[in-house]
Amino acid sequence: MDSTELIGMISIIMAGATVGIGAPITAIGEGWAVSRAMGALAQQPDAAPVISRTLFIGLAMTESSAIYCFVVSMILIFANPFWNHFAGLAGAQ
Amino acid sequence: MTITPDAIVYWQVGPFGITATLVFSWVVMAILVLGSWAVTRKLSIGTSVPRGQLLLEIGLSAIRAQIRDVVQEDTDRYLPFIGTLFLFIVFSNVLVIVPGFRPPTGSISTTSALALCVFVAVPAFGIASRGLRAYLASYMAPNPLMLPFNVLGEVTRTISLSIRLFGNMMSGTMITATALAIAPLFFPIVMNALGLLIGLIQAYIFSILALVFIASATRVHEEQSGKAPDTTKETIHG
């Protein structure tokens, strides 16, 4: 197995693993935040604008870690620098 | 399948490529500027108001109300910057439903440019409202040991601001493309509708976060001078 195959295989596996690990953990955190916000909304409906705004901001904060994972896996699949490097080397030969 | 509209080059003029990002940013800017120009050319203060003016006024007062919720006072100081960011991002995200349009926010160059605007605007607003010395001293709070972390936070939150918008818009495009390949009949429409919702939410998030960053840079002054503490004070380092 030469280095290109190895790089391709590890890239695909890691792209799956990145989203597969990053997304569920973020989802758990977001679900937790939403459930607490629902509880707060049920207790104080008057504070709905403040609660929903801070909820949205907090969700965006949490969401960004899942988005980082997604971006990393997209880079691994579509714009992999190591793959491009070795593909360029193979093309030059 | 290209992950960014940067990869689509229409013309190559010397070292500069006219990419899809550039073209569609200018399309969005032209729509915004020409639309506002056409509406504001004939404003009326009478009882019968033209439709376009009504639309702009509704949008403006909605943005103003959101800003007032966060900063409480001085709404009009932040309105031009925040409103422009919001309108630009909303239009580039929502125009995805036009076939052939590639959202310029799906390119990391656009989003990092927008985030750099916020990065510059935060100290600008902070210095304008508190003075240079007081603003720089706020990096030393609570003690000088925190200086590197405050500076680092300033940089990382700019990066996360740009990556967040980029990732969300890019994922919308990718999901639609993938759905087209797997189940081309009905599924892409649902994903597109979801993408519209995400685009609106992300535009809201981006401008609210910019506003919160600016507000936290301008606000510490009031706490120190012993004003009533703000109930909605948010210090967020995303």
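Throughout this document, residue positions are counted from 1 along each chain, in the order its sequence is written. By the order in which they are written, chains take letters starting at A while ligands take numbers starting at 1. With the structure being a predicted model, the display of local features is reserved for residues of pLDDT at least 70 and the display and counting of side-chain atom pairs for 80 or more, all residues being used for whole-chain, interface and lining totals. Neither water nor hydrogens contribute to the side-chain values; these are computed over all heavy atoms in the structure.

Student: Just to check I follow, could you spell out the interface of chain A and chain B for this structure?
Tutor: Accessible area lost on assembly of the parts is the figure often given for the size of an interface. Between chain A and chain B, the contact holds 15 residues from the first and 23 residues from the second. We define buried area as the total accessible area lost by two parts upon association, computed with a 1.4 Å probe and summed across both. Together chain A and chain B conceal approximately 1700 Å² of surface at their shared face, both sides included; 80% is due to carbon and sulfur atoms. Three residues, Arg53(A), Ile57(A) and Met61(A), lead the burial of chain A against chain B; their summed loss comes to 34% of the area buried on that side. What counts as a salt bridge is simple: a side-chain nitrogen of Lys or Arg found within 4 Å of a carboxyl oxygen of Asp or Glu. The interface formed by chain A and chain B holds zero salt bridges in total. Contacts described as polar in this section are N or O atom pairs within 3.5 Å, which, within protein, must combine one atom able to donate a hydrogen with one able to accept it, while residues neighboring in sequence count only if both atoms come from side chains. The interface formed by chain A and chain B contains one residue pair in polar contact (both at pLDDT 80 or more). Residues are treated as being in contact if the distance between any of their heavy atoms lies within 4.5 Å.

Student: What should I look at first to understand the nonpolar core in this one?
Tutor: Side chains of a nonpolar character, in soluble globular proteins, are inclined to be buried together. Among buried residues, those of type Ala, Val, Leu, Ile, Met, Phe, Trp, Tyr and Cys that are joined through side-chain atoms within 4.5 Å constitute a nonpolar core. The rule is simple: take the accessible area with a 1.4 Å probe, protein chains only, and divide by the maximum for that residue type; under 20% is buried, over 50% is exposed, in between is partly exposed. Counting residues in each nonpolar core, the largest one holds 43 residues, and the members touching the most others are Ile67(B), Tyr78(B), Val118(B) and Phe206(B). Note on conventions: DSSP H or I runs of at least 4 residues are helices, E runs of at least 2 residues are strands, and numbering of each starts at the N terminus. For this core, the secondary structure elements donating two or more residues are α2 (48-78) of chain A together with α1 (20-40), α2 (51-71), α3 (75-94), α4 (108-130), α6 (147-182) and α7 (187-224) of chain B. If you tally residues by element for this core, the top one is α7(B), at 13 residues. In this structure, Ile67(B) is in contact with Gln72(B), Thr75(B), Tyr78(B), Leu79(B), Ile82(B) and Leu211(B), ignoring residues within four places of it in sequence. Grouped together as the second largest cluster of nonpolar side chains are nine residues, Ile67(A), Phe70(A), Met170(B) and Met174(B) included.

Student: I would appreciate a short explanation of the environment of Ala179(B) in the present structure.
Tutor: Residue and element names in this part refer to chain B. Take Ala179: it is sitting in helix α6. According to the relative accessible area criterion, Ala179 is buried, its value standing at 5%. When the C-alpha atoms of Ala179 and Val190 are compared, they prove to be 9.7 Å apart, with 11 residues separating the residues in sequence. Every residue in contact with Ala179, bar those within four places of it in the chain, is listed here: Pro184, Phe187, Pro188 and Met191.

Student: Which parts of the structure should I look at to understand the side chain of Asn150(B)?
Tutor: Residues and elements named next belong to chain B. Tracing the backbone shows Asn150 in helix α6. A relative accessible area of 17% means that Asn150 is categorised as buried. At 2.6 Å, the side chain of Asn150 and the backbone oxygen of Tyr139 are in polar contact. Not counting the four nearest positions on each side in its chain, Asn150 is found in contact with Ser138, Tyr139, Met140 and Ala141.

Student: Hey, could you run me through the packing of aromatic side chains in this one?
Tutor: Any two aromatic rings considered together are summarised by their centre-to-centre distance and by the angle between their planes. All names here are of chain B. In this analysis, rings of Phe, Tyr and Trp, with Trp reduced to its six-membered ring, are considered paired at centre separations within 6.5 Å, and the interplanar angle assigns stacked below 30 degrees, edge-to-face beyond 60, and tilted for intermediate values. The tally for this structure, following the rule as stated, stands at six aromatic pairs over all chains. Measuring from centroid to centroid gives 5.3 Å for Tyr78 and Phe125, while their planes differ by 45°, and the two rings are tilted. Placement of the pair is Tyr78 in helix α3 and Phe125 in helix α4, with a sequence separation of 47 residues. Side by side, Tyr78 and Phe125 carry an identical accessibility label, which is buried. Aromatic ring contacts, followed pair by pair, group Tyr78, Phe81 and Phe125 into a single cluster. Positioned over the ring face of Trp37 is Arg41, at 5.0 Å from the centre of the ring. Counted as over-ring charges are cases with an Arg CZ or a Lys NZ within 6 Å of the ring centre that also lie within 35 degrees of the ring normal. Across from the ring centre of Phe213, 4.1 Å away, lies the NZ or CZ of Arg157, which sits over that ring.

Student: Help me understand the pattern of salt bridges in this model?
Tutor: Pairing of side chains with opposite charge becomes possible as their charged atoms draw close. Residues and elements named next belong to chain B. The final tally for this structure, using the stated rule, is two salt bridges over all chains. The partner of Arg64 in a salt bridge is Asp76, with the nearest N and O atoms 3.2 Å apart. Placement of Arg64 in helix α2 and of Asp76 in helix α3 is noted, with a sequence separation of 12 residues between them. Arg157 is paired through a salt bridge with Glu154; the nearest N and O atoms lie 3.5 Å apart.

Student: What exactly am I supposed to notice about α4(B) here?
Tutor: Helical periodicity: at 3.6 residues per turn, an α-helix aligns residues three or four positions apart in one direction. Residue and element names in this part refer to chain B. Expected span of a helix: the number of residues minus one, times 1.5 Å. Taking 1.5 Å per residue as the helical rise, α4 with its 23 residues ought to reach 33 Å, and the 33 Å between its terminal C-alpha atoms agrees with that figure. Where α4 is concerned, the buried positions are Thr110, Thr111, Leu114, Ala115, Val118, Ala121, Val122, Phe125, Gly126 and Arg130. Backbone geometry just downstream of α4 places Gly131 in the positive-phi region, at approximately 90°.

Student: How do you make sense of the packing of α1(B) against α3(B) when you look at a structure like this?
Tutor: A packed helix pair is summarised by two numbers, namely the angle formed by the two axes and the spacing between the axes. All names here are of chain B. For the pair α1 and α3, interaxial distance at closest approach is 10 Å and the crossing angle is 120°. Both α1 and α3 take part in a crossing whose hand is right-handed. Of the residues in α3, those touching α1 at Ser25, Val28, Met29, Ile31 and Leu32 are Leu87, Phe88, Phe91 and Ser92. Polar here means any residue outside two lists: the nonpolar Ala, Val, Leu, Ile, Met, Phe, Trp, Tyr, Cys and Pro, and the charged Asp, Glu, Lys and Arg; Gly therefore counts as polar. Taken together, the residues of the contact of α1 with α3 break down into seven nonpolar, two polar and no charged. Angles here are taken between N-to-C directions and fall from 0 to 180 degrees, while the axes themselves are lines fitted to C-alpha atoms, restricted in helices to the stretch in contact. Should the near helix be turned counterclockwise from the far one by less than a right angle, the crossing is left-handed, whereas a clockwise turn marks it as right-handed.

Student: Hey, could you run me through helix α3 (residues 81-92) of chain A in this one?
Tutor: The end-to-end C-alpha distance of α3(A), which contains 12 residues, comes to 16 Å, matching closely the 16 Å that a straight helix rising 1.5 Å per residue would cover. The N-cap of α3(A), judged by a side-chain oxygen 3.1 Å from the amide nitrogen of Phe82(A) a few residues on, is Asn80(A).

Student: Is there a simple way to explain the side chain of Thr158(B) in this structure?
Tutor: Residues and elements named next belong to chain B. The residue Thr158 is located in helix α6 in this model. Within the structure, the side chain of Thr158 is placed 2.9 Å from the backbone oxygen of Glu154, a separation counted as a polar contact. Residues in contact with Thr158, not counting those within four places in the same chain, are Ala115, Leu116 and Phe119.

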